[in-house]
Amino acid sequence: MNENLKENHPIDAVVLWVDGSDEKHLSKIVPYLEDKNSIKTPKFRNRFIEINEIQYTIDSLLKYAPYLRNIFLITDEQIPAFLEKEKNENKYSKISIVDHTVIFSGYEEYLPTFNSRSIETFMFRIPNLAEHFIYLNDDFFIIDKTQPNDFFKNGFPVLRGKWIDFDENKLIKKIKKINLGHKTSQQKGAKLAGAKKYYNFKHTPHPFRKSTFEECFKNNKEVFLNNIQYKFRNNEQFLVQSLINHIEIENKTCVLKDNLQLIYFRTFKKPLIWYKIKLNLQSDKKLFLALQSLYLAPKPTLDYFLNWLDKRVK
């Protein structure tokens, strides 16, 4: 029997998405800004702007992970244009829109929120979410055929990453100013779980068990509520993904894998030929592609990536 086919439990996918150019959405944000003009700055808009990456994300899941039972798209009173246009198409029958009000039911005082860390903290509250689910942002793409075994083995999540010392234990970080970004919020989650160092994970789809979230929330409700109080990302927050991962590691209920199987681009300042070469050399050996802030790419580079995705995932 093919070992990849042994995982026969239902698996769902959860994706966070927002159209930051939507005027209604922008009008929600403005009252919560200390500096109302900051909404026009590239640094602020970078968190919310989208160029229809979400369709490529969804199409990649449908093509390369056809075993997924449901794909839940968490949004804030929005529907992606491609779903509106093709809502009668059977192709997208697995997609369900989940509004923030649904996952924050009973905790509406924390809405509206414009903070992915807050939303991720409560994503396990999606009604009818499978025990086993994978989570990804709308700039993640699956680019080759996967099997359930790529995400879960014997029912346990497969965690891709590597062990790293906490920043305060690194001499270089003691001398330099500590970065208060993604890695720091990972470290906060690891420390909450009692880890002595942290398992650093990258931008790949993250497999989770809903029961681990539920048990953690039950035992640490105030910690969760403190994490969702912020309307925008805050350095006091932890990444719930890191907390859950380190709980699974502590309980020996996961599989660790140091091969990320990932192509990752987060800036687009190199010559176009560099991206072409890297994609052509690596794409047949990887399962995942992450394109952060793709809208910042020069038009020739942007067009190349979108054309590449058109051919690869549709």
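This text follows the structure it describes.
Below: a short report on this structure. (Residues numbered from 1 in each chain as written. Predicted model: local features only at pLDDT ≥ 70, side-chain atom pairs only at ≥ 80, totals over all residues. Heavy atoms only, no water.)

Quick look at helix α3 (residues 53-64) now. In a regular helix each residue adds 1.5 Å, so twelve residues correspond to 16 Å; α3 covers 16 Å between its end C-alpha atoms and thus fits that length. Within the sequence span of α3, burial applies to Glu-53, Ile-54, Gln-55, Tyr-56, Thr-57, Ile-58, Asp-59, Ser-60, Leu-61, Leu-62 and Tyr-64. (Helix = DSSP H or I, 4+ residues; strand = E, 2+ residues; numbered from the N terminus. Expected span 1.5 Å × (residues − 1). Buried < 20%, exposed > 50% of the residue type's maximum accessible area, 1.4 Å probe, protein only.)

If you walk through the whole model with that rule in mind, you get three cavities of 30 Å³ or more. In this model, the largest cavity occupies a volume close to 70 Å³. Forming the boundary of the largest cavity are Val-158, Leu-159, Arg-160, Tyr-199, Phe-201, Thr-204, Pro-205, His-206, Pro-207 and Asn-245. For the lining of the largest cavity, the secondary-structure elements that each account for two or more residues are β7 (156-164), β8 (198-201) and β9 (206-209). (1 Å grid on protein atoms, 1.4 Å probe; cavity = no way out; pocket = protein on both sides within 12 Å on 5 of 7 lines; lining within 4 Å. Points joined across faces, edges and corners; volume = space filled by probe spheres on them.)

Before going further, it helps to examine a nonpolar patch on the surface. On the surface, a cluster of nonpolar side chains totalling about 400 Å² of accessible area is made up of Ile-273, Trp-274, Ile-277 and Leu-281. Turning to its location among the elements, Leu-281 is positioned in helix α12 (residues 272-282). (Patch = residues over 30% accessible without salt bridge, like charges linked within 9 Å, V, L, I, M, F, W, Y side chains within 5 Å. Areas by Shrake-Rupley, 256 points an atom, 1.4 Å probe, with all protein chains shown as cover. Salt bridge = Lys/Arg side-chain N within 4 Å of Asp/Glu carboxyl O.)

Another aspect to go through is the pairing of strand β2 (residues 71-75). Counting buried positions along β2 yields five of five residues, so the element is predominantly enclosed. Here strand β1 (residues 11-16) runs beside β2; their pairing, made up of four bridges, is parallel. Paired with Val-15 across the strands is Leu-73, a residue of β2. (Pairing = 2+ DSSP bridges.)

Now for the packing of α12 against helix α13 (residues 299-313). Contact pair α12 / α13: the axes reach a minimum separation of 10 Å and the direction vectors enclose 20 degrees. In this view, α12 runs roughly parallel relative to α13, as classed from their interaxial angle. Note that α12 runs across α13; the crossing there is right-handed. Of the residues in α13, those in contact with Leu-272, Tyr-275, Lys-276, Leu-279 and Asn-280 of α12 are Pro-300, Thr-301, Tyr-304, Phe-305 and Trp-308. (Axes fitted to C-alpha atoms, helices over the stretch in contact; angles between N-to-C directions. Parallel < 35°, antiparallel > 145°, perpendicular 65-115°, else oblique. Left-handed = near helix turned anticlockwise from the far one by under 90°. Contact = heavy atoms within 4.5 Å.)

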